[in-house]
Amino acid sequence: MRRKLAAGNWKMNGLPADLAEVSALMAAHAAPAIDILICPPATLLAPMASLRGPHALRLGGQDCHAASAGAHTGDISAPMLRAAGADYVILGHSERRAAYGETDAAIAAKAMAAHSAGLIAVICLGETLDQREAGQTLPIVAAQLAASVAQSATAQNTVIAYEPIWAIGTGRVPTLAQITEVHAKLRADLTQRFGAQGAGMRLLYGGSVKPSNAAEIFALPDVDGALVGGASLKAADFGAIISALSAA
Ligand code: PGA
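Please read these numbers as outputs of a predicted model, since none were measured by experiment.

A. Spotlight on the sheet that holds strand S5 (residues 120–125). The strand order around the closed barrel built from eight strands is S1-S2-S3-S4-S5-S6-S7-S8, with neighbouring strands paired in parallel fashion. In this sheet, neighbouring strand axes are inclined to one another by 25° on average, regardless of whether the strands run parallel or antiparallel. Both strand S6 (residues 158–162) and strand S7 (residues 202–206) contribute to a ladder of four bridges, which runs parallel. Note on S7: the bridge partner recorded for Ala161 is Leu204. Strands S5 and S6 of the sheet are contacted by helix H7 (residues 137–148), whose axis makes an angle of about 150° with S5. Contacts between helix H11 (residues 235–247) and the sheet are confined to strand S1 (5–9), strand S2 (35–39) and strand S8 (225–228), with S1 contributing the most and set at about 160° to the helix.

B. Spotlight on the site of the ligand. Among the 13 residues in the neighbourhood of the ligand, the closest are listed as Lys11, His93, Glu163, Gly169 and Ser208. One of the side-chain nitrogen or oxygen atoms of Lys11 is found 2.7 Å away from an oxygen atom of the ligand. At 2.6 Å, a backbone N or O of Gly169 approaches an oxygen atom of the ligand. Coverage of the ligand by the protein amounts to 95% of the 280 Å² it exposes when considered alone. Taken together, the residues of the shell around the ligand sort by class into four nonpolar, seven polar and two charged.

C. Just the pattern of salt bridges, in detail. Summed over the entire model, instances satisfying the criterion amount to 18 salt bridges. We note a salt bridge from Glu102 to Arg96, for which the minimum N-O separation is 2.7 Å. Among the residues examined, Arg96 registers a relative accessible area of 22% and is labelled partly exposed. For Glu102, the salt bridge is made with Lys110, and the minimal N-O distance between the two is 2.9 Å. Residue Glu102 is classed as buried on the basis of its relative accessible area, which comes to 10%. Here the residues in one salt-bridge network are Arg2, Arg187, Asp222 and Asp224, joined through shared partners.

D. Just the packing of aromatic side chains, in detail. Taken as a whole and judged by the stated rule, the model has one aromatic pair. Above the face of the Tyr100 ring, Arg96 is positioned so that its terminal group lies 4.2 Å from the ring centre.

E. Seen up close, the nonpolar core. Among the nonpolar cores identified, the biggest contains 60 residues, and Ile38, Ile160, Leu186 and Phe218 are the most heavily contacted of them. When near neighbours in sequence (up to four residues on either side) are disregarded, Ile38 contacts Gly8, Trp10, Val22, Leu25, Met48, Leu57, Arg58, Leu59, Gly60 and Phe238. Counting 13 residues, the second largest nonpolar core, distinct from the first, contains Ala7, Leu37, Ile90 and Ala161.

F. Expanded view of the pairing of S8. Every second residue of S8 is oriented toward a common face, with Gly225 and Leu227 on one face and Ala226 and Val228 on the other, all of them buried. By the bridge criterion, four bridges tie S1 to S8 in an arrangement that is parallel. The residue bridging Gly8 from the neighbouring strand is Val228, located in S8. Regarding topology, helix H10 (residues 211–218) serves as the crossover connection from S7 to the parallel S8, and that connection is right-handed.

Cut-off values and rules
Residues numbered from 1 in each chain as written. Predicted model: local features only at pLDDT ≥ 70, side-chain atom pairs only at ≥ 80, totals over all residues. Heavy atoms only, no water. Pairing = 2+ DSSP bridges. Helix = DSSP H or I, 4+ residues; strand = E, 2+ residues; numbered from the N terminus. Axes fitted to C-alpha atoms, helices over the stretch in contact; angles between N-to-C directions. Contact = heavy atoms within 4.5 Å. Near = heavy atom within 4 Å. Polar contact = N/O pair within 3.5 Å; in protein donor to acceptor, adjacent residues only side chain to side chain. Areas by Shrake-Rupley, 256 points an atom, 1.4 Å probe, with all protein chains shown as cover. Nonpolar A, V, L, I, M, F, W, Y, C, P; charged D, E, K, R; others polar. Salt bridge = Lys/Arg side-chain N within 4 Å of Asp/Glu carboxyl O. Buried < 20%, exposed > 50% of the residue type's maximum accessible area, 1.4 Å probe, protein only. Phe/Tyr/Trp six-rings, centres within 6.5 Å; stacked < 30°, edge-to-face > 60°. Lys NZ or Arg CZ within 6 Å of the ring centre and 35° of its normal. Core = buried A, V, L, I, M, F, W, Y, C linked by side-chain atoms within 4.5 Å. Right-handed = clockwise from strand over helix to strand, strands pointing away.

These figures come from the coordinates and say nothing about function on their own.
What follows is the structure, encoded as structure tokens:
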């Protein structure tokens, strides 16, 4: 059984005042039946870790370097995230692939670093609108999966997030059939490569998930949860998505 996961990606949003949203979320979901993850900016990891106390809330970084320490100005390592209270780290988000030229090979190296530090890697992939319209979606995501998922991946230490780039922050969502088709392909490829471990890896959908569309997405086969951007910033919205996933 794959445990469901509702993951929030705060991106470059969040000041100490926003910790109130986390308190409200924990109060509304005091004993969650699913995994709840928030990936705040690194500056809020330690404050959130103190705030959560014994609550089951999981925390994550939004990126890490492949090295554990060294002369890499501005970067953060997997052991640093772990020490600040992180359990997970998002890797290969399309915004990082686009803005920093992160390659699949670089993402695989970061995933190995995450695994070595005891972090669960949430590896993101997805096609552009041009690739979708050219009928290239399945080969594109298959190639990203093959090259960005490190050989050290297991059902426990790796989560895959399918995020069509054209659906991120746009309000545009693929059809349920399109999500189903991609998730089936990812599952088949993971199972072929990793066997039972691949069958056990969680697959998230991401891109404009909101309270109004969450339930129908969570009802799809091989959708084990969501990676949520904008709608994860407010406890009311993220809480509604958590409730939809808990009920699925
Ligand atoms: P969005 O972002 O939910 O705001 O579309 C999703 C993501 O980038 O992970």
